[in-house]
Amino acid sequence: EELVGKIYAGGKSFVASFAPLVSEAARQGDSIAHSILERNTDCIARVILAAAKHFPAGEEPIPVVLCGGLSHDAEIVASVKEKLASHPRLSTECLTREPVIGAVMLAKKLGGL
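This one's a predicted model, so the numbers in the text were calculated from it and none came from an experiment.

Enquirer: Could you clarify how one ought to interpret the packing of helix 3 (residues 19-27) against helix 4 (residues 31-52) in this entry?
Expert: Their axes nearest at 7 Å, the elements helix 3 and helix 4 cross at an angle of 120°. For the element pair helix 3 / helix 4, the angle class is oblique. When you trace helix 3 past helix 4, the crossing you get is left-handed. Along the contact surface, helix 3 presents Val22, Ser23, Ala25 and Ala26, while helix 4 presents Ala33, His34, Ile36 and Leu37. A breakdown of the residues in the contact of helix 3 with helix 4 according to their chemical character gives six nonpolar, two polar and no charged.

Enquirer: What exactly am I supposed to notice about the environment of Ala33 here?
Expert: Tracing the chain through its elements places Ala33 in helix 4. Residue Ala33 is classed as buried on the basis of its relative accessible area, which comes to 6%. Remark: the alpha-carbon pair of Ala33 and Ser91, spanning 58 residues in sequence, is separated by 28 Å. Non-local contacts of Ala33, meaning those with residues more than four positions away in its chain, are made with Val22, Ala25 and Ala26.

Enquirer: Help me understand the pattern of salt bridges, please; the structure alone is not making it clear to me.
Expert: Pairing between side chains becomes possible if they bear opposite charge and their charged atoms approach one another. All told, the structure shown has seven salt bridges when counted by the stated rule. Note that Lys83 is salt-bridged to Asp42, the shortest N-O span being 2.9 Å. With Lys83 in helix 5 (residues 74-84) and Asp42 in helix 4, this pair connects stretches of sequence that are 41 residues apart. Its relative accessible area of 31% is what places Asp42 among the partly exposed residues. One salt-bridge network, held together by shared partners, links Glu24, Arg27, Asp73 and Glu75.

Each value, and the rule that gives it
Residues numbered from 1 in each chain as written. Predicted model: local features only at pLDDT ≥ 70, side-chain atom pairs only at ≥ 80, totals over all residues. Heavy atoms only, no water. Axes fitted to C-alpha atoms, helices over the stretch in contact; angles between N-to-C directions. Helix = DSSP H or I, 4+ residues; strand = E, 2+ residues; numbered from the N terminus. Parallel < 35°, antiparallel > 145°, perpendicular 65-115°, else oblique. Left-handed = near helix turned anticlockwise from the far one by under 90°. Contact = heavy atoms within 4.5 Å. Nonpolar A, V, L, I, M, F, W, Y, C, P; charged D, E, K, R; others polar. Buried < 20%, exposed > 50% of the residue type's maximum accessible area, 1.4 Å probe, protein only. Salt bridge = Lys/Arg side-chain N within 4 Å of Asp/Glu carboxyl O.

Shown next as structure tokens:
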């Protein structure tokens, strides 16, 4: 219990730095690590599904881009996509470039370049 306080005192980045260890432990069959990943992928999916409710009705796809460190973990991405499969309009992919590149491309487009 003493370590939990010290870990959280390190801030979000420090806590996130343990994610690869949790993923690896889950792959090796650790049930607690698997539970942690399931809980987190459930949360990610719930947020995306809640946001999707605010898009107008229609048939056009709703693009969803997963990014961040966990989007590089194939099992986590597969779990999130599986949880989103119930929504036929969601089109999910992972960001393959740094987010700033998209911002620059949009700025160029808005600037007429």
